[in-house]
Amino acid sequence: MSEDQRVALVTGGCGGIGSAVCKRLAADGFRITTNYRSEEKASKWLQEMEDLGFSAAVYKADVRDFNECQQMVSDIEKDLGRIDVIVNNAGITRDTTLRKMEKSQWDDVMDTNLDSVFNVVRPALNGMLERGFGRIVNIASINGQKGQLGQTNYCAAKAGMHGFTKALAQEVAYKGVTVNTVSPGYIATDMVMAVPEAIREKIIKQIPVGRLGRPEEIAAAVAYLVSDEAAFVTGSDLSINGGQHMS
Ligand code: NAP
């Protein structure tokens, strides 16, 4: 890699949206890294990136674990010299109404979707500030903006991500580091395609554009937010939901 090639860490890069973001940023010239938990998924992802002609690197880390994230950041900085871009994309759902929600379902979602943002950004932030450039993009959700029955844990975590975005954006703007949220609506990833077709059709009826979003459409927005052209965009929450919710 060349000395001035920017390095992007996309968490959950082996998943539906994460994978599209990785491919897009790699095509835009970034050196791509992601974390993994399963060796099998990581080697499949590496092969896919290699087949597309991109060089990429993977690091084993669970985003719920601060020490593992700290180690991952330090390994990336040692191997690749820096981290210029972080896309906090790893996320899960554990849906049920609050009346039935177990503490473990609450904790899993908060730890994976929200604590992870602290765990990954905190160890990488000083490097960005020292270099005077950084781009942080938090992948939240339409449901963090509007609420959704059966998702108190997920909606709280996703809304929390945007609170983090707005606070950190104010702290680091003077050093060339921007922090933004992207809030996708329903995107045609495996997660959404696994929903029974009849329910999916009902969801699509609520989307003015008349279809599910594509992972590449989220990736395109991330590509803009991490570019030099987006230097004046910080603390924003970009809705990409086909008009399903207008905030
Ligand atoms: P996905 O395909 O399930 O991908 C999620 C990724 O996160 C996977 O690579 C997964 O890795 C990783 N991950 C989960 N828990 C982790 C942990 N503890 N440590 C490390 N990695 C972990 O989901 P997706 O649909 O692409 O969603 C990506 C993001 O977009 C999520 O934050 C989601 O909430 C958000 N979003 C999605 C939609 C949608 O319609 N799809 C809509 C709004 C927002 P493993 O394979 O190891 O589990």
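Please refer to the structure higher up on the page.
Keep in mind that this is a model prediction, so the values were computed, not measured.

Student: Pulling in residues and values, what's your account of the packing of aromatic side chains?
Tutor: Per the stated rule, a full pass over the model turns up one aromatic pair. Geometry around Phe133 places Arg6 over its ring, the cationic atom sitting 3.7 Å from the centre.

Student: Residue-level account of helix 8 (residues 197–205), with values.
Tutor: All of the buried residues in helix 8 are Arg200, Ile203 and Ile204. For helix 8, the arc enclosing every buried residue in end-on projection is 100°, short of the 170-degree limit, so these residues lie on one face. With respect to the buried face of helix 8, the exposed residues turned more than 90 degrees away are Ala198, Lys202 and Lys205.

Student: How would you explain the nonpolar core if you had to name every residue and give the values?
Tutor: Ile76 and Ile136 are the most contacted members of the largest nonpolar core, which has 29 residues in total. If you list the elements that add at least two residues to this core, you get strand 1 (7–10), strand 3 (56–60), helix 3 (66–80), helix 4 (103–131), helix 6 (152–172) and strand 6 (177–184). Element by element, the count of residues in this core is highest for helix 4, at seven residues. Excluding residues within four positions of it along the chain, Ile136 makes contact with Ile86, Asn88, Val121, Leu125, Met128, Leu168, Val177, Thr178, Val179 and Asn180. Ranked by size, the runner-up nonpolar core spans 27 residues in total, among them Ile32, Val137, Leu225 and Val226.

Student: Can you lay out the pattern of salt bridges for me, pointing to particular residues and giving the numbers?
Tutor: Applying the stated criterion across every chain yields a total of eleven salt bridges. Residue Asp228 pairs with Arg6 through a salt bridge whose shortest N-O separation is 3.0 Å. One end of the pair, Asp228, is in the loop between helix 9 (215–225) and strand 7 (237–240); the other, Arg6, is in the segment before strand 1, with 222 residues separating them in the sequence. By relative accessible area, Asp228 is classed as partly exposed at 47%. When salt bridges that share partners are traced, they join Arg82, Asp84 and Arg131 into one network.

Student: Would you mind going over the site of the ligand in detail, with residue names and values included?
Tutor: The environment of the ligand is made up of 29 residues, and the closest members are Ile17, Arg37, Lys41, Asn89 and Tyr154. Take Arg37: an N or O atom from its side chain is 2.7 Å from an oxygen atom of the ligand. Between the ligand and the protein, one listed contact pairs a nitrogen atom with a side-chain N or O atom of Asp62 at 2.8 Å. Expressed as a share of its isolated accessible area of 890 Å², the protein-covered part of the ligand is 88%. Secondary structure elements with two or more residues in the shell around the ligand: helix 1 (16–27), helix 6 and helix 7 (190–193). Across the shell around the ligand, the residue classes break down as 14 nonpolar, ten polar and five charged.

Student: Please give an account of helix 3 that cites residues and values.
Tutor: Under the 1.5 Å per step criterion, the end-to-end length of helix 3 is 21 Å for 15 residues, consistent within 8% with the ideal 21 Å. Residues Cys69, Met72, Val73, Ile76 and Leu80 constitute the buried set of helix 3. Down the axis of helix 3, the smallest arc covering the buried residues is 95°, so these residues share one side. Opposite its buried face, helix 3 presents the exposed residues Asn67 and Lys78, each directed more than 90 degrees away. Buried residues in helix 3 make contact with strand 1, strand 2 (31–36), strand 3 and helix 4. For helix 3, the capping residue at the N-terminal end is Asp65, with a side-chain oxygen 2.9 Å from the backbone nitrogen of Asn67.

Student: Quick rundown of the pairing of strand 5 (residues 134–139)? Include the residues and the values.
Tutor: A large share of strand 5 lies buried, amounting to six of its six residues. Across the two faces of strand 5 the burial is the same, with Gly134, Ile136 and Asn138 and Arg135, Val137 and Ile139 all buried. Summarising the sheet, strand 4 (residues 85–88) and strand 5 pair through four bridges and their orientation is parallel. When the sheet's bridge partners are listed, Ile86 is paired in strand 5 with Ile136. Of the crossover connections in this fold, the one passing from strand 4 over helix 4 to the parallel strand 5 is right-handed. Sheet analysis places strand 5 next to strand 6, joined by six bridges and oriented parallel. Bridge assignment links Ile136 to a residue of strand 6, and that residue is Val179.

Student: Kindly report on the packing of helix 1 against helix 2 (residues 39–51), identifying the contributing residues and their values.
Tutor: Describing two packed helices takes the angle between their axes plus the distance from one axis to the other. Where helix 1 meets helix 2, the closest approach of the two axes is 11 Å, and the angle between their N-to-C directions is 30°. The hand of the helix 1/helix 2 crossing is right-handed. Contacts from Ser19, Cys22, Lys23 and Ala26 of helix 1 reach helix 2 at Trp45, Glu48 and Met49. Along the lines of polarity and charge, the residues of the contact of helix 1 with helix 2 split into four nonpolar, one polar and two charged.

Rules used in this analysis
Residues numbered from 1 in each chain as written. Predicted model: local features only at pLDDT ≥ 70, side-chain atom pairs only at ≥ 80, totals over all residues. Heavy atoms only, no water. Phe/Tyr/Trp six-rings, centres within 6.5 Å; stacked < 30°, edge-to-face > 60°. Lys NZ or Arg CZ within 6 Å of the ring centre and 35° of its normal. Buried < 20%, exposed > 50% of the residue type's maximum accessible area, 1.4 Å probe, protein only. Helix = DSSP H or I, 4+ residues; strand = E, 2+ residues; numbered from the N terminus. Arc of directions from axis to C-beta. Core = buried A, V, L, I, M, F, W, Y, C linked by side-chain atoms within 4.5 Å. Contact = heavy atoms within 4.5 Å. Salt bridge = Lys/Arg side-chain N within 4 Å of Asp/Glu carboxyl O. Near = heavy atom within 4 Å. Polar contact = N/O pair within 3.5 Å; in protein donor to acceptor, adjacent residues only side chain to side chain. Areas by Shrake-Rupley, 256 points an atom, 1.4 Å probe, with all protein chains shown as cover. Nonpolar A, V, L, I, M, F, W, Y, C, P; charged D, E, K, R; others polar. Expected span 1.5 Å × (residues − 1). Pairing = 2+ DSSP bridges. Right-handed = clockwise from strand over helix to strand, strands pointing away. Axes fitted to C-alpha atoms, helices over the stretch in contact; angles between N-to-C directions. Left-handed = near helix turned anticlockwise from the far one by under 90°.

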